Amino acid sequence: MSVAIAPRRTVFGLTLGFPLALVLLAVLVALLKPLLPETLIRVPLNAVMPYDRWLQGLFDFITHDLGFGTLTRYISAGLEVLLDATGNLLFGKNRWPHIGPLPWTSVAAAMAVLGYALGGKKLAALAGLTFVWVALVGQWDLAMQTMSVIAVAAPLAIMAGLGLGILSWKSRSFEKALAPILAILQTLPFFTYLLPAVIFFKVGPTAGCVATALYALPPMVLMTTLGLKKVSPEVIEAGQMSGSTRWQMLRHVYLPSARTEILVGVNQAIMLSLAMVVLTAFIGMPGLGAKLLSLMNSLKLGRSFEIGVTIVLIAITLDRLSKAWVVKQPQHFERGTPWWRRNIYLLLALGVFALFWAIALVYPLAGVIPRGKDLSIGTQIDGVFDIVLNNPVLVAVTGWLRWFLITWVLIPFRDGLLWLPTTAVLCAIAAVGYAVGGRRSALLAAGFFAIVAATGWWDRAMITLYAVLSAVVIAACVGLPLGILAAQRKRWAEPILIACDTAQTFPSFIYLIPAIMFFGVNDVAVVFAIFIFATVPLMRYTIEGIRAVPEELIEAADMSGATRSQKLWKVQLPIALPTMAVGFNQAIMFAFFMVIIAAFIGTQDLGQELQKTLAGAELGKNFVLGICVALMALAFDHVLMKWSANRRKILGVG
């Protein structure tokens, strides 16, 4: 006699039953908090694991006993030579090759030619005028100090990422070993990169270069591996039939076929390098980031805004140039084509570069614009901001909003999270994990948070989590309606997607400027900065998800007489939810990153503690704090991506 087994009850791909029991247990534990022993409320001090001491001992062993410190000194010396060379060329550092600084007009003209070669007149204008702006507003030296580090760090990240990506593609076991390391690197807060760089390498450009290269490495590895895996069997077979060696197959078949994905990785490496090199101001890296940090510390928001515009323009220019390189197909010439015709843009760039260098020898202003002769209007912008921000209506609106959010939303939510027993939170997280992916997901999600609890930093972690969740909820309230509106109305879609693309190129520091301007230095400013940063992926993935709904389903809904509202709620949103979940995942990852940046405003979370570690040599504590942030981010990442994959399987959509 067979026994029928009842299927698990699911709603939107979520398993019910046992997760509901875990939720009820969490509620019961919270309600009985006054009667619970202290061990169920927080991990006792005598049970806190000394991860920081263990890690510090490991780092000391690696540094002193294994001689890693000696190795890093040699690496540091090599990097210093490269940084001296780029520094000499770009802003006149008195080192080899003793030919700098390059005239700003020569650089701007060469960049305009590069823009034209990659993307035509508009990109040429953007590239050329960006560097003209940088020079005219008196920020050339600062910008070139920043670019001199990117010129070393980005190629290092690209070459290392390409090599590791090829190894991952060739060896499945190497890929499996590398995957968790890359996942952690992508979720570690940037402060966790800075302290090891300072300890193992010299303070300043060298440490900044190392931290920047490590930070920019993961996407290059991942995109290289992805591109090589996607090479079609027909192309591989054709290469093998032609008698190519393994090296020839890699050089002439695999890498050219994976060109698009590899160049996307290059784009991401360049943009992450710019984002990180601005943040290395915290460890003494000179340049635009250091100037911006100094001005924001002094609350000189007008001049901060001017520096911010420069950083944004450089970011947009580098992003557009590298993206244009991605989409531009290699140009093929007939056999016998003269060398000068095949390299016409290179010769043109060299020509205009030499021409403007010659002009700079005759007219010094074409080479360097002295202090006092630039067109900076930072002081005037300060005055304008003072007038605008002191407007009674704006003061009343922002003051009321600040009071309302702090009094009725943010502080009650923060206090509620801090009040909850650790065991209640772990039960709730396990319930969500089990509902999404069963026992394994429950153990992973709850286990990540349990490790955070065992470090003794639970309360600071909950304050970090409160800021992240508050900002993402507000971002969802704004980003989802805008995304839905843009997906349904084409005239809205293009400007919103352009705004998303542009906002994604902004270094994260920039988002602090409007937050401080409107709300001062408090929790509302923190949440506001995170909210702006996190809204972009929500809008983008909502638009992409709704647009990807198959046309035949839309036509079927139209034929059944469904209204626009019914099509949205019954057809489009259910199909788009897996893609939108990826947007939520990205928003949460962005929020965890941004909440650490917001430690500059003066939060009381893990970011503030991380920032304090930069003043000493507490490398173990620095890593423990960084891993706490990474583990919380990885828990959300696992749950959301697992749910998205399950939902896609249910819907049968790839």
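Sequence positions are assigned chain by chain, starting from 1 and proceeding in written order. In keeping with the predicted nature of the model, local features appear solely for residues at pLDDT of at least 70, side-chain atom pairs appear and are counted solely at 80 or more, and the whole-chain, interface and lining totals rest on all residues. The basis for every side-chain value is the complete set of non-hydrogen atoms in the structure, without hydrogens or water.

Remarks on the pattern of salt bridges
Note the threshold: Salt bridges are defined by distance alone: a side-chain nitrogen of Lys or Arg within 4 Å of a carboxyl oxygen of Asp or Glu. Burial status follows relative accessibility: with a 1.4 Å probe on protein chains alone, a residue under 20% of its type maximum counts as buried, one over 50% as exposed, and anything between as partly exposed. We count a stretch as a helix when DSSP gives it H or I for four or more residues in a row; a strand needs E for two or more, and each element gets its number in order from the N terminus.
The final tally for this structure, using the stated rule, is 13 salt bridges. Notably, a salt bridge pairs Asp558 with Lys567, separated by 2.9 Å at the nearest N-O pair. The exposure class of Lys567 is buried, given its relative accessible area of 18%. Of the charged contacts, one joins Lys621 and Glu609 as a salt bridge, the two residues approaching to 3.3 Å between their closest N and O atoms. Taken together, the residues Lys621 in helix 28 (residues 619-651) and Glu609 in helix 27 (residues 606-613) connect sequence positions 12 residues apart. Judged by relative accessible area, which is 6%, Glu609 ranks as buried. Through salt bridges with shared partners, one network takes in Arg460, Glu609, Lys612 and Lys621.

Digging into the domain arrangement of the chain
For clarity, the cut-off: Where each domain starts and ends comes from a domain assignment, either automatic or drawn from a database. What makes two residues a contact is simply this: any of their non-hydrogen atoms within 4.5 Å. The quantity reported as buried area is the accessible area (1.4 Å probe) lost by two parts once they are put together, taken as the sum for both.
Each domain of the chain was delimited in the assignment, giving domain 1 (79-373) and domain 2 (391-651). Using C-alpha coordinates to define each centre, domain 1 is positioned 29 Å away from domain 2. Taken together, the 36 residues of domain 1 in the interface contact 35 residues of domain 2. For the domain 1 and domain 2 pair, buried surface summed over both sides reaches about 2,900 Å², with 86% attributable to carbon and sulfur atoms. Area buried by domain 1 at its contact with domain 2 is led by Phe191, Leu195 and Met296, which between them contribute 22% of it. If you look at where domain 1 meets domain 2, you find zero salt bridges. Counting only elements with at least two residues in the side of domain 1 that touches domain 2, the list comes to helix 8 (172-187), helix 9 (191-200), helix 13 (259-279), helix 14 (288-297) and helix 15 (301-327).

Examining the environment of Val132
Looking at where Val132 falls in the secondary structure, it is placed in helix 6 (residues 121-136). Look at Val132 and you get partly exposed, because its relative accessible area is 24%.

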